Structure formats: C-alpha cells, structure tokens
Amino acid sequence: MKQSSRRNFIGQSALAGIGALITLPNLGALAASNNMTNTSNFSPITTGFDQQPLPYVYSALEPSIDTLTMDIHYNKHAAAYSKNLKEAALAEGVDTSKPLEDVLYKISKYSVKMRNNGGGHYNHEMFWKLLSADTTTQPSAKLLAAINTGFGSMDEMKKQFNTAATTRFGSGWAWLIITNDKKLAIISTPNQDNPLMDIAEVKGFPLIGLDVWEHAYYLKYQNRRADYIASFWKILNWNTVNTRFESI
Ligand code: MN
C-alpha cells in the first residue's frame, strides 16, 4: 500500500514538473525584469503592489493589439504605475503585504498620487488577464444568463459597453461591473479611477474593464478608438470574466 502511495506521489510530482517546464518558457520570456515576489498572498482576483508577468508574449494579441503597443504599455506605462504606487505606499504608511483593494476601497483618505497610481496599477493588472490569444473562450452559462437578465442580450450589453468606451472623453476606462446590490451595469470612469474606489460615481466590482487611454491604441489605431474597441471583443478572455463573476 505504501509503495503504491509513493508511486502516486512520484507520479504527481513528475506531472507537476512537466507542468512547470511547459509554462516556464512563456513566463521566463516575459518576466525578465519583473519582481515576482509577493504573489502568494493574493487570490486570482486580488491584487498586490508589484507588477506581475504578462500571461503571454508581446506579439500574442496581434493583430488586435500590436507588439510595440503591448511592449510600451506594459513596460513603460503600467510599470510606472506600480513604481509610483509603491512610492506613495511607503510615504503614506500603507502595508503592501495586504491587497491593494483595501486601499482602493478608501482611496479618498489618500493622496492624488495614490489614487492615480493605485488605480492605474490595479486596472492594468486586471486588464492583461482579461486579454487572450485564445479567441474561443466563452461566457459561462451563469454569466450569460445574468447578462441576458441585465441587458436583454449579449449584443445589447456590448452595445452599451461600446458606447461607454467610445464616449468617455479624454482618458479613462469602460467597465462591466456588478453593483453593490448585485446588478450588472455598464459605466465609465475618468483617468485611472475604477469602480472599487469610494469616490466612484457608481461603485461595484469590475468584471470587464477596457483601457481607452490613447496609449493603449494610438500606434495602431490613431484616432479610431471604435475600431480598437471592436478588436477588444475578439481577444477578451471570457475565462477571466467567468472567474471574476464566480468570485462574487
Ligand atoms: Mn493603459
């Protein structure tokens, strides 16, 4: 009996080893300069203060999102939010071993630097995970039912989302959220604000967020924000949306 348990154990370890080998090349190529510590305290839907590795290579989302935009967006824009957030956290006595969400829920008590960079870091960490080269992911039956109840149809939800994303003046984000009374809603926020923040006009938990800052699309799409938004739906990772929905 003991021998058989040991064999099982060895079998599982070998499998785990293979898993690690398969995922390493991806992560290795992406992680290069990223701080990978501080991840274990957080579930898939909570957020630490360090930038996590992209879950794909920079070219993975071509042609919807071009390689150069992905590289600059991740390594320059998003990296700066994380760096500046950690500076603000140090200056304002925030415990960075706790989830960033704790700060966002009461962001009105902190500096503008914390608001801009805490929001910026949270939004981008979520955004990368919401994208995928796998264009076959689908909303779960439960999520689809909620969307049909909330909006009448998937098309109508997308239409409202597209309007929110297109009409957000200047820089900001469009969101599909679950409000505190458990209803789905489409909103948009300015700058790097998000619906977790106590200063948000409509508060809730984000299921889908789309970055409509020009830095997210200008190199490829220039002024054609609507085309960028249309491409977003092709690379949306519904598995991530499902996970976020299930977590509520
Ligand atoms: Mn951005």
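Residues numbered from 1 in each chain as written. Predicted model: local features only at pLDDT ≥ 70, side-chain atom pairs only at ≥ 80, totals over all residues. Heavy atoms only, no water.

Asks: It is not clear to me how the nonpolar core should be interpreted in this structure. Could you clarify?
Replies: Note that soluble globular proteins tend to have their nonpolar side chains buried in a common cluster. Among the nonpolar cores identified, the biggest contains 61 residues, and Met 157, Phe 161, Leu 207, Ile 208 and Trp 238 are the most heavily contacted of them. Those residues in contact with Leu 207 that sit more than four places away from it in its chain are Leu 130, Leu 143, Leu 176, Ile 177, Ile 178, Leu 184, Val 241, Arg 244 and Phe 245. (Core = buried A, V, L, I, M, F, W, Y, C linked by side-chain atoms within 4.5 Å. Buried < 20%, exposed > 50% of the residue type's maximum accessible area, 1.4 Å probe, protein only. Contact = heavy atoms within 4.5 Å.)

Asks: What is the right way to look at the packing of helix α5 (residues 141-151) against helix α6 (residues 154-167) in this model?
Replies: Geometrically, a packed helix pair is captured by the angle between its two axes and the distance between the axes. In contact at an axis separation of 8 Å, α5 and α6 are set at 70 degrees when each is read in the N-to-C sense. The angle between α5 and α6 falls in the class roughly perpendicular. α6 is crossed by α5, and the crossing has left-handed handedness. Here Leu 144, Ile 147, Asn 148 and Phe 151 of α5 lie close against α6, whose contacting residues are Met 154, Glu 156, Met 157 and Gln 160. (Axes fitted to C-alpha atoms, helices over the stretch in contact; angles between N-to-C directions. Helix = DSSP H or I, 4+ residues; strand = E, 2+ residues; numbered from the N terminus. Parallel < 35°, antiparallel > 145°, perpendicular 65-115°, else oblique. Left-handed = near helix turned anticlockwise from the far one by under 90°.)

Asks: Could you clarify how one ought to interpret the pattern of salt bridges in this entry?
Replies: Should the charged atoms of two oppositely charged side chains come close, the side chains can pair. Counted according to the given criterion, the structure contains nine salt bridges. As a salt-bridge pair, Lys 142 and Glu 246 come within 3.7 Å of each other at their nearest N and O atoms. Placement of Lys 142 in helix α5 and of Glu 246 in helix α9 (residues 238-246) is noted, with a sequence separation of 104 residues between them. For Lys 142, a relative accessible area of 54% gives the class exposed. When its relative accessible area of 44% is taken as the criterion, Glu 246 is described as partly exposed. With a closest N to O distance of 3.9 Å, Lys 159 and Glu 156 form a salt bridge. A residue pair is termed a helical-turn pair when its members lie 3 or 4 positions apart in one helix, as Lys 159 and Glu 156 do in helix α6 at three residues. With relative accessibility at 53%, the residue Lys 159 sits in the exposed group. Residue class for Glu 156 comes out partly exposed when judged on its relative accessible area of 27%. Through salt bridges with shared partners, a single network forms among Lys 83, Glu 87 and Lys 113. (Salt bridge = Lys/Arg side-chain N within 4 Å of Asp/Glu carboxyl O.)

Asks: Just to check I follow, could you spell out the packing of aromatic side chains for this structure?
Replies: Under the counting rule described, the total for this entry stands at ten aromatic pairs. Seen from their ring centres, Phe 161 and Phe 232 are 6.2 Å apart, and the 15 degrees between their planes marks the pair as stacked. One end of the pair, Phe 161, is in helix α6; the other, Phe 232, is in helix α8 (residues 225-235), and 71 residues separate them in sequence. As far as burial versus exposure is concerned, Phe 161 and Phe 232 are alike and both buried. By the ring-pair criterion, three or more aromatic residues cluster together here, those being Tyr 74, Phe 127, Trp 128, Phe 161, Trp 173, Trp 175, Phe 232 and Trp 233. (Phe/Tyr/Trp six-rings, centres within 6.5 Å; stacked < 30°, edge-to-face > 60°.)

Asks: Got a minute to help me understand the sheet that holds strand β2 (residues 184-190) in this structure?
Replies: The strands making up a sheet are joined through hydrogen bonds of the backbone, oriented either antiparallel or parallel. One open sheet accounts for three strands, arranged β2-β1-β3; its pairing is antiparallel. Every interior strand has two partners, whereas the edge strands, β2 and β3 (204-211), have only one. Each neighbouring strand pair of the sheet contributes to a mean axis angle of 30 degrees, computed without reference to strand direction. (Pairing = 2+ DSSP bridges.)

Asks: Explain unusual backbone geometry to me, please; I cannot follow it from the model alone.
Replies: In this structure, the amide linkage connecting Glu 62 to the following residue, Pro 63, adopts the cis form with an omega of -5 degrees. Note that Pro 63 resides in the loop between α1 (2-31) and α2 (67-91). At Lys 182, a residue that is not glycine, the phi angle is positive and equals roughly 65 degrees. The residue Lys 182 is located in the loop between β1 (172-179) and β2 in this model. Using a relative accessible area of 59% as the deciding quantity, one classes Lys 182 as exposed.

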